[in-house]
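If you want the building blocks of each chain, they are given just below.
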Amino acid sequence: QLHMYRAEEAAAKQRALMEHMQKLAVVQEQQIAKMQDIEEALKVRQQAHWRQVQSEVAAQQNQVLKAEAMRLRRKRMETQTRLELMRLQENLEDLELQRERQRKSLRAAAEW
């Protein structure tokens, strides 16, 4: 009878140990699932952060390109203005020469 009691006690201990191991396995599965969820959330957050960084970099590059375009436009306008001034200066000089020739021609005609 004592032998039977010990066998039942050992079987009960083994069942309890098996139940405990099953509970541990369930807890371990839950922890693994939580870790996977956390990893996935981190991955999503990193991707969102990377997209944000790329967007900011693209915006900065856009600003730089816009500033460069403005600088080139201004430079082109300055060059056009200088060329126009040079052309006007040449026209003015031509007109002054023409006026001087007319004056001489009128003086010569008046003296004749």
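See the structure shown above.
Treat the numbers as computed from the prediction; the structure is a model and nothing was measured. (Residues numbered from 1 in each chain as written. Predicted model: local features only at pLDDT ≥ 70, side-chain atom pairs only at ≥ 80, totals over all residues. Heavy atoms only, no water.)

Chemist: How should the pattern of salt bridges be read in this particular structure?
Modeler: Where charged atoms from two side chains of opposite charge come close, those side chains can pair. This model, assessed by the stated rule, comprises four salt bridges. For R87, the salt bridge is made with E84, and the minimal N-O distance between the two is 2.6 Å. Taken together, the residues span about one helical turn, with R87 and E84 both in helix α1 (residues 2-111) at a distance of three residues. With a relative accessible area of 40%, R87 lands in the partly exposed category. (Salt bridge = Lys/Arg side-chain N within 4 Å of Asp/Glu carboxyl O. Helix = DSSP H or I, 4+ residues; strand = E, 2+ residues; numbered from the N terminus. Buried < 20%, exposed > 50% of the residue type's maximum accessible area, 1.4 Å probe, protein only.)

Chemist: Any chance you could explain a negative patch on the surface here in plain terms?
Modeler: A contiguous patch of negative charge, built from E90, E93, D94 and E96, is present on the exposed surface. Within the secondary structure layout, E90 lies in helix α1. (Patch = residues over 30% accessible without salt bridge, like charges linked within 9 Å, V, L, I, M, F, W, Y side chains within 5 Å. Areas by Shrake-Rupley, 256 points an atom, 1.4 Å probe, with all protein chains shown as cover. Lys, Arg positive; Asp, Glu negative; His and termini not counted. Charge placed at Lys NZ, Arg CZ, Asp CG, Glu CD.)

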